[in-house]
Amino acid sequence: MAHTDAADAAPAAPALPVSGLTTAEVAERVARGEVNDVPVRSSRTFGEIVRANVFTRFNAIIGVLWVITLIVAPIQDGLFGFVILANTGIGIIQEWRAKKTLDSLAVIGEARPTVRRDGAAVEVATSEIVLDDLIETGPGDKIVVDGVCVESDGLEIDESLLTGEADPVVKHPGDQVMSGSFVVAGGGAFRATKVGREAYAAQLAEEASRFTLVHSELRTGISTILKYVTWMMVPAAIGLVITQLVVKENDFKDSVARTIGGIVPMVPEGLVLLTSVAFAIGVIRLGRQQCLVQELPAIEGLARVDTVCLDKTGTLTEGGMDVTELRVLDGYSESYVRQVLGALGESDPRPNASLQAVIDAYPDAEDWRCTESLPFSSARKYSGASFSEADGESSTWLLGAPDVLLAANAPALAETERLNEQGLRVLLLARTARVLDDPEVAVGIDPAALVVLEQRLRPDAADTLRYFADQNVRAKVISGDNAVSVGAVAGKLGLSGKAVDARQLPTDQEEMAKALDEGTVFGRVTPQQKRDMVAALQSRGHTVAMTGDGVNDVLALKDADIGVSMGSGSEATRAVAQIVLLNNSFATLPSVVAEGRRVIGNITRVATLFLVKTVYSVLLALLVVCWQVEYPFLPRHLTLLSTLTIGVPAFFLALAPNTERARPHFVRRVMRYSIPGGVIAAVATFTSYLIARHHYTGADALDAETSAATLTLFLVSMWVLAIVARPYTWWRVLLVATMGLSFLVVLAVPWLQHFFALKLVGSTMPWIAVGIAVAASAVLEVAWRWVDRRFAD
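Along the backbone of the protein chain there are 28 helices and 21 strands. For the protein chain, the spread of C-alpha atoms along the principal axes amounts to about 120 × 60 × 40 Å. Counting over 793 residues, the protein chain shows a buried share of 58%. Restricting to contacts in the protein chain with at least 6 residues of sequence separation, those with at least 24 account for 73%.

In structure tokens form, the structure reads like this:
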């Protein structure tokens, strides 16, 4: 309401000539800053990326501990800080690459409105529109700035995304036009009265278009885990500080180093990094396939989809059609019908695919003059025009769906049905005695001809549908065309199932959801029904993706969990979709699903690795506090273990192929494995440490005890890695083996022994440490298998 009042209160601008602004007038407005300078979608600046990766809670903790370590301990105890620097650098570089990919694809997919300047229609970038520009519009065009209608030819605008009202609004010269709405029928032109951030939808768009990486189940789950980790860290760290610095009377610097060695591994510092990198690399990979991910979590979201709703035209079939036959009815001559069709084609300046096929087949009758036109609308299912014919006679014609225009008992319907069963599309040409703006214009029509159109199937559609079937994703074809015809097309692509006329669907959501579960193909669906169908599926707990390219798909695309638009689709569909297939290839969707499944599955794997370490680190600290003994590890020991059993393997595992279906409850599933894994590792390590304290005596006893405990912890951690790496492939086996051999090299090479303060003393205690690790690994295997059986989901 505020917008309307503001618009009404705005001073009237001078009348604008139909030729639009001149070049000089445009330059004046640019100089005054009256330009549509809206922010770029889905992007944040390099500075924001750096701040987001550098200034984190855990980087601050690690940074302080690193500085203290560098002051009181040798450089090898400060290695963990260099690892953090490298991780942060990798995160910044990958996210910057993803940003550049997104920005370059956004430019490719950006709509270019048509404006009149110097008397000519020219396409300009949205950001180049200036105040008072005269902007031409047609079906599917999004209104990008606020304005006042100047010309209208049956112009109907859908403002539902702004007002919630589903019915299109007919616009006449002088009416307000709001940014964020879109044209559903007709055409016209409007003068821009508010541009840039002053436009009605600009504030909403700016907020909604911000970088949205954080809004996903994966990212939210990791934030929840980090919150729990912080709560666990604080008491454990305080107890460790008191124990090591007050209770134990050790060398001060050594006590500080061991205290830091206990605190640092509690932080799962690489988990957030790997999630960001996995998302970023996903964007880059999809970008190479001409897939624009407008909101990054859409990669994850599509992987969770279990129902995909497909619009037939432009998705299963290519946009173009061909007229294959003209069947004349009721004694009309074919030559006269051809003249009518040619004139109808000429009457619409922005023809849809069906009318374009008619235009290609029948040239314009030059001596016919159009006196009035009714543009095609998805809700009406027909278009029309009135003509002054060559001989001076006047006539009014309709062209549209036979089953909408004809009575149920009309003879032509039986013929239409037979053609539909072959997968052909049929239009009815009929003469009407009523005026076009009569609500009952189709009543009492005189059928003249059936125009038979053949649709071109996408060559990759069958393979894509087969992929979804194999992945247990149900496909629902939802189309405005005749249900029998759509069903025949779907059948040719191998999609079997019941074809339903949507006009017979119940309006109750629960009943509609039941009908949707039973059917596969739905025809004669109105734009509002598409939206209702998405809501009905979601009410049953389904995660729904909607594909489409026409203006009639906008509402459903916006309400679906994931909206997917074709690059050649209308500007309105591209604006509301999370994913835009710039190459117009439906076959790209499996790549997006696969990318999402790779991200979710792999992050779940590596999160388990990181959190096992966090759990055993916290528990070890608590055990040390309770027993009032020295913390067994220096920072260098845990840096070595983390690098070999988590850091390096996690990087490869996070980017590996993974086709397992995405499952919900990320936090719950990760913690089910991490808590028992961490507890087993901590108990085994501390047991080995206590036995070693009784076994070794003398000045160098602590180093020998540390080495034995390190051996046990490394072997148990390696078994955690071996389980997480399943199912094995050659490179996974090589990865695990390489990490194990690297540790053996450290134990075998003298200078590495000295550098990491690791030297196994004697043979009895090392073998006891190995035995404890083997027993712990067996318990771990049994525990995780029990979790698999008990909590299968």
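Spatial strand order, β8-β21-β20-β19-β9-β16-β18-β17: eight strands in an open sheet with mixed pairing. Whereas interior strands pair on both sides, the edge strands pair on one side only; in this sheet they are β8 (291–293) and β17 (499–501). With strand direction ignored, the average angle separating the axes of adjacent strands in the sheet is 20°. With four bridges joining them, strand β19 (residues 544–548) and strand β20 (residues 562–566) adopt parallel strand pairing. Across the sheet, the residue bridging to A545 is I562, located in β20. Helix α17 (residues 483–492) rests against β16 (474–478), β17 and β18 (521–523) of the sheet, and its axis sits at about 145° to β18.

Next up on the list: helix α16 (residues 461–470). Of all the residues in α16, the buried ones are A461, A462, T464, L465 and F468. Within α16, the buried residues cover an arc of 165° as seen down the axis, which keeps them to one side. Lining the buried residues of α16 we find β9 (307–310), β16 and α22 (589–627).

This next bit is on the packing of aromatic side chains. What the rule picks out here adds up to 16 aromatic pairs. Seen from their ring centres, W627 and F686 are 5.3 Å apart, and the 65° between their planes marks the pair as edge-to-face. Residue W627 is located in helix α22, and its partner F686 is located in helix α24 (residues 666–695); the two are separated by 59 residues in the primary sequence. Residue W627 is classed as partly exposed on the basis of its relative accessible area, which comes to 47%. The interplanar angle of 90° and the centroid separation of 6.2 Å between the aromatic rings of F651 and F652 together place this pair among those described as edge-to-face. F652 sits in the partly exposed class, given a relative accessible area of 46%. Ring pairs connect the aromatic residues Y332, Y336, W368, F387 and W397, which therefore count as one cluster.

Take the pairing of strand β14 (residues 425–432) next. With respect to burial, β14 is a largely interior element, seven of its eight residues being buried. Bridge count for strand β13 (residues 394–400) against β14 is five bridges, and the pairing is antiparallel. Paired with W397 across the two strands is R431, which belongs to β14. Pairing of β14 with strand β15 (residues 446–457) involves seven bridges; the strand directions are antiparallel. Looking at the pairing, L428 lines up with L450 of β15.

A few words on the nonpolar core. Judged by nonpolar contacts, the single largest core of 92 residues is most densely connected at I603, V606, L609, F666, F686 and F743. I603 has contacts with L218, I222, L274, T275, A278 and F666, leaving out every residue within four places of it along the chain. Listed in part, the 36 residues of the second largest apolar core include A280, A461, F468 and L589.

The omega torsion of the bond from R726 to P727 falls at -5°, within 30 degrees of zero and hence cis. Position of P727 among the secondary structure elements: in the loop between α25 (701–724) and α26 (730–748). Positive phi is not limited to glycine here, since D132 has a value of about 75°. Along the chain, D132 turns up in the loop between β2 (120–123) and β3 (134–137). Positive phi is not limited to glycine here, since Q628 has a value of about 55°.

With their axes 8 Å apart at the nearest point, α24 and α25 run at an angle of 155° to one another. The pairing of α24 with α25 is recorded here as roughly antiparallel in orientation. Every pair of crossing elements has a handedness; the one defined by α24 and α25 is right-handed. Side by side, α24 and α25 meet where A681, A684, T685, S688, Y689, A692 and R693 of the first sit next to L702, E705, A708, A709, T712, L713 and V716 of the second.

This part is about a negative patch on the surface. Residues E346, D364, E366 and D367 make up a contiguous surface patch of negative charge. Here D364 lies in the loop between α13 (353–361) and β11 (369–374). Accessibility expressed as a relative area gives 34% for D364, which makes it partly exposed.

Another aspect to go through is the pattern of salt bridges. Within this structure, the stated rule accounts for 28 salt bridges. Among the ionic pairs, R29 bridges to D132, the shortest N-O distance being 2.9 Å. Of this pair, R29 sits in helix α2 (residues 23–31) while D132 sits in the loop between β2 and β3, and the two are 103 residues apart along the sequence. For the residue pair R29 and D132, the accessibility class agrees, reading buried in each case. In this structure, D463 engages R466 in a salt bridge whose closest nitrogen and oxygen atoms are separated by 2.7 Å. Linking D463 with R466, this pair stays in helix α16, spanning three residues, or about one helical turn.

Together, V234, I238, V241, I242, L245, V246 and F252 give the surface a local cluster of nonpolar side chains, amounting to about 630 Å² of exposed area. On the secondary structure map, V246 appears in helix α8 (residues 217–247). Judged by relative accessible area, V246 falls into the exposed class, the value being 59%.

What follows concerns the packing of α25 against α26. Closest axis-to-axis distance for the α25/α26 pair is 11 Å, and the angle between their directions is 175°. Between α25 and α26, the interaxial angle falls into the category roughly antiparallel. Of the residues in α26, those in contact with T710, L711, F714, M718 and L721 of α25 are V736, M739, G740 and F743. Here the residues of the contact of α25 with α26 are counted per class, giving seven nonpolar, two polar and no charged.

So, on to the side chain of T464. Assignment of secondary structure puts T464 in helix α16. Beyond its immediate chain neighbours, meaning those up to four positions away, T464 contacts F586, A587 and P590.

Mapping T396 onto the fold places it in strand β13. Sequence separation of T396 and C370 is 26 residues, and the distance between their C-alpha atoms is 9.6 Å. In this structure T396 touches A385, S386, A430, R431, T432, R434 and L436, once residues within four positions along its chain are discounted. Here the side chain of T396 touches S386 through a polar contact of 2.9 Å, side chain to side chain.

What follows is about the side chain of T608. You can see T608 is positioned in helix α22. The exposure class of T608 is buried, given its relative accessible area of 7%. Not counting residues up to four positions away in its chain, the partners in contact with T608 are V670, Y673, S674, V724 and W784.

What follows concerns the confidence of the model for the protein chain. In this model, the protein chain carries a mean pLDDT of 83, and residues with pLDDT of at least 70 account for 91%. Averaged over each element, pLDDT in the protein chain is lowest for helix α1 (residues 2–9) (38) and highest for α26 (95). Taken together, the stretch residues 1–16 has pLDDT below 50 and engages in 14 contacts with residues farther than four places along the chain or on a different chain. Note on residues 204–215: pLDDT under 50 across the span, and 20 contacts to partners over four residues away in sequence or across chains.

Reading the values: the criteria
Residues numbered from 1 in each chain as written. Predicted model: local features only at pLDDT ≥ 70, side-chain atom pairs only at ≥ 80, totals over all residues. Heavy atoms only, no water. Helix = DSSP H or I, 4+ residues; strand = E, 2+ residues; numbered from the N terminus. Buried < 20%, exposed > 50% of the residue type's maximum accessible area, 1.4 Å probe, protein only. Contact = heavy atoms within 4.5 Å. Pairing = 2+ DSSP bridges. Axes fitted to C-alpha atoms, helices over the stretch in contact; angles between N-to-C directions. Arc of directions from axis to C-beta. Phe/Tyr/Trp six-rings, centres within 6.5 Å; stacked < 30°, edge-to-face > 60°. Core = buried A, V, L, I, M, F, W, Y, C linked by side-chain atoms within 4.5 Å. Parallel < 35°, antiparallel > 145°, perpendicular 65-115°, else oblique. Left-handed = near helix turned anticlockwise from the far one by under 90°. Patch = residues over 30% accessible without salt bridge, like charges linked within 9 Å, V, L, I, M, F, W, Y side chains within 5 Å. Areas by Shrake-Rupley, 256 points an atom, 1.4 Å probe, with all protein chains shown as cover. Salt bridge = Lys/Arg side-chain N within 4 Å of Asp/Glu carboxyl O. Lys, Arg positive; Asp, Glu negative; His and termini not counted. Charge placed at Lys NZ, Arg CZ, Asp CG, Glu CD. Nonpolar A, V, L, I, M, F, W, Y, C, P; charged D, E, K, R; others polar. Polar contact = N/O pair within 3.5 Å; in protein donor to acceptor, adjacent residues only side chain to side chain. pLDDT = per-residue confidence, 0-100.

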